Amino acid sequence: MEGARAMSVVVESLTKRFTAGGTPAVSDVSFQAPAGAITTLLGPSGAGKSTILRLIAGLELPDAGRVLIDGVDCTELSVQRRGIGVVFQSYALFKHMTVRENIAFGLNVRKQSRSETEARVDEMLKLVQLEELGHRYPGQLSGGQRQRVAFARALAIRPKLLLLDEPFGALDTRVRVELREWLHELHVQTGVTTLLVTHDQEEALEISQHVVIMEAGRVAQAGPPAEIYDRPATPFVASFVGGTSVLSGHVREGRAHLGSLHVAAPATAREGEAVRVFVRPHDIKLVKTVGGNHVNGANGAVPSRVERFKPVGGYVKVLLKLPSGDTVAVEVPRSEFDQLGVAEGDSVQADVRTASVFVGDFSI
Ligand SMILES: Nc1ncnc2c1ncn2[C@@H]1O[C@H](COP(=O)(O)OP(=O)(O)OP(=O)(O)O)[C@@H](O)[C@H]1O
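Residues numbered from 1 in each chain as written. Predicted model: local features only at pLDDT ≥ 70, side-chain atom pairs only at ≥ 80, totals over all residues.

Per an unreviewed UniProt entry, the chain goes by Sulfate and thiosulfate import ATP-binding protein CysA and derives from Hyalangium minutum.

What follows covers the domain arrangement of the chain. You can read the domains of the chain as domain 1 (7-240) and domain 2 (245-359). Taken over C-alpha atoms, the centre of domain 1 sits 39 Å from the centre of domain 2. (Domains from an automatic or database assignment.)

Around the ligand, the structure places Phe-18, Ala-25, Gly-43, Ser-45, Gly-46, Ala-47, Gly-48, Lys-49, Ser-50, Thr-51 and His-199. For the shell around the ligand, the class distribution of residues is three nonpolar, seven polar and one charged. (Near = placed C-beta within 6 Å. Nonpolar A, V, L, I, M, F, W, Y, C, P; charged D, E, K, R; others polar.)

Next up on the list: the packing of helix α2 (residues 99-109) against helix α3 (residues 114-127). The geometry of α2 relative to α3 is characterised by a closest axis approach of 9 Å and an angle of 130 degrees between their N-to-C directions. Here α2 lies oblique to α3, going by the angle between them. Here α2 and α3 pass one another in a crossing that is right-handed. Of α3, the residues touching α2 (which contributes Arg-100, Ile-103, Ala-104, Leu-107 and Asn-108) are Thr-117, Arg-120, Val-121, Met-124 and Leu-125. The residue makeup of the contact of α2 with α3, split by class, is six nonpolar, two polar and two charged. (Axes fitted to C-alpha atoms, helices over the stretch in contact; angles between N-to-C directions. Helix = DSSP H or I, 4+ residues; strand = E, 2+ residues; numbered from the N terminus. Parallel < 35°, antiparallel > 145°, perpendicular 65-115°, else oblique. Left-handed = near helix turned anticlockwise from the far one by under 90°. Contact = placed C-beta atoms within 7 Å.)

For the rest of this paragraph, the subject is the sheet that holds strand β15 (residues 284-288). An order of β15-β19-β16-β17-β18 is seen for the five strands of this open sheet, with the pairing classed as antiparallel. Either end of the sheet is taken by a strand with one partner, and the two such strands are β15 and β18 (327-333). Strand-to-strand twist in this sheet, taken as the mean axis angle between neighbours without regard to direction, amounts to 45 degrees. Two elements, strand β16 (residues 302-312) and strand β19 (residues 347-352), share four bridges in a ladder whose sense is antiparallel. Directly across from Pro-303, in β19, lies its bridge partner Gln-349. (Pairing = 2+ DSSP bridges.)

What follows concerns the confidence of the model for the chain. Looking at the chain as a whole, its pLDDT mean stands at 87, while 94% of the residues score no less than 70. This stretch, residues 292-298, has a pLDDT under 50; its non-local contacts, to residues over four places away or in other chains, come to six contacts. With a pTM of 0.82, the predicted complex shows an ipTM of 0.95. (pLDDT = per-residue confidence, 0-100.)

This part takes up unusual backbone geometry. Of note, Asp-70 is a non-glycine position whose phi angle comes to about 55 degrees, a positive value. Of note, Asp-70 is situated in the loop between β4 (64-69) and β5 (72-73).

Read from one edge to the other, the open sheet built from four strands follows the order β2-β1-β4-β5, with strand pairing classed as antiparallel. Each edge of the sheet is formed by a strand with only one pairing partner; in this case those strands are β2 (26-33) and β5. Across two bridges, the pairing between β4 and β5 is antiparallel. Across the sheet, the residue bridging to Ile-69 is Val-72, located in β5.

Turning our attention to the environment of Ile-69. Along the polypeptide, Ile-69 turns up in strand β4. In this structure the C-alpha to C-alpha distance between Ile-69 and Gly-139, which are 70 residues apart in sequence, comes to 36 Å. Leaving out residues up to four positions away in the same chain, Ile-69 has contacts with Met-7, Val-9, Cys-74, Arg-82, Lys-160 and Leu-161.

With that out of the way, let us pick up the environment of Thr-51. Considering the arrangement of structural elements, one finds Thr-51 in helix α1 (residues 49-57). Taking the number of C-beta atoms within 10 Å as the measure of exposure, Thr-51 has 23 and is therefore buried. The spatial distance from the C-alpha of Thr-51 to the C-alpha of Thr-15 is 10.0 Å, given a sequence separation of 36 residues. Setting aside anything within four residues of it in sequence, one finds Thr-51 in contact with Lys-16, Ala-25, Val-26 and Glu-60. (Buried ≥ 20, exposed ≤ 12 C-beta atoms within 10 Å, placed from the backbone.)

Structure, rendered in C-alpha cells:
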C-alpha cells in the first residue's frame, strides 16, 4: 500500500431527482464503503448506481443527504477538491496525448514539478505494467491497455478514493476476466478505498469485500459477498445474485410444501402460512425417471419436465418445469448431464439438496 492512509466513505440518505416531482433516480440511499476495501454497487440497469457514483464524485448535486469522506462532509465540495480518481467504461483518454501525457494530466493541473511528474508517471506505468508503451497514443493500444492507462491516470494524483463505473464493461469476456484479476492485484498494491459499479454479479462477488445491492434507486441489501449470497434479504436479491429460483408454497406440519416437494420450514412459520422457497441452480440434483419410478430424496423429489437446456462450458443450464407450473433454473455438471441422457420434453425427478425458506408475503 502506498502513501496516505485509506479513507472510508459514508453516504447518508442521498436522494436525487432529475425531474421535479418525478421518481427519484436515487432514493434515501445510505451505506458505508469501508476504508481500504473494494465496495461494489451491484444492480440492474437504471437502479441508480452511476448516479450514486457521480454524487460521490461531485459531478451531480444531491437533493438531500450527505457524502462523508473520512468523516468529513464533502457534499458541497467541488470535484477537484474531493481528491477522487475516476475511471469510466468508455476510455475517456485524450486521443492527441501520449500515454505518458495522459497519465501526467492530473499532475500538471496540480502544478507538480517536472521531475516529480516524470517520476510519478514512471511509477504508474510500472504499476499498470505498461512501461514499454509510454510513448504510444491511445489509438495504438488495445481496449484493455487503454483501461489500464485510465487507471494509471486516476491513481497518479494519489486519490483518497477510486471510483470505477463499469471499467471493464466495453471489453470482451476474456479481457474482462483477466482485468478483474489485475484489478485485484492492483488494489492489494495500492490499498485505495474503491467503489466499483457493475451489473455483473460474478465480478462483484469475486472482487469486492463489501457489496451494496441496488434496486430501483434504493439499497436492497448491503454486506460481505458471502452474506449476500448465503442469506439474501429479499426475493429480488436472491434472484439477482446467484440466479436463484423463487417458488411459492405453504406450511404444513412444520414443513414448507411446494406441490410434492417439501423442505424444512423456519420454526416461526405457522400452519397454512405462505412461504417463498429460494433454490440455487446447483442445489438441485436431477434423477432420470425410469418407468415412472424414482428413489425419493430427503425432501421428496419432484417429477418435472426438461423445458430447455444449454451447455455452457463445464456445465449445462437446464430449465425445468414443475407440476405447479413454476420454472426452475438448474446447473448440472456436463458429465453428470451426459450420463442422464435426457432430451427436451423428457421427464426427470428434481431433488432439492438445500433451499432457503422465507416466511411472509414478499412482493417481487
Ligand atoms: N442526467 C440525467 N437526466 C435524467 N435522468 C437521468 C440522468 N442520469 C440518470 N438518469 C435516470 O436515473 C435513473 C438511474 O440511472 P443510473 O445511470 O444511475 O442507473 P444505473 O444503475 O447506473 O444503470 P446502468 O447500469 O444502465 O448505467 C435512470 O432511470 C436514468 O434514466
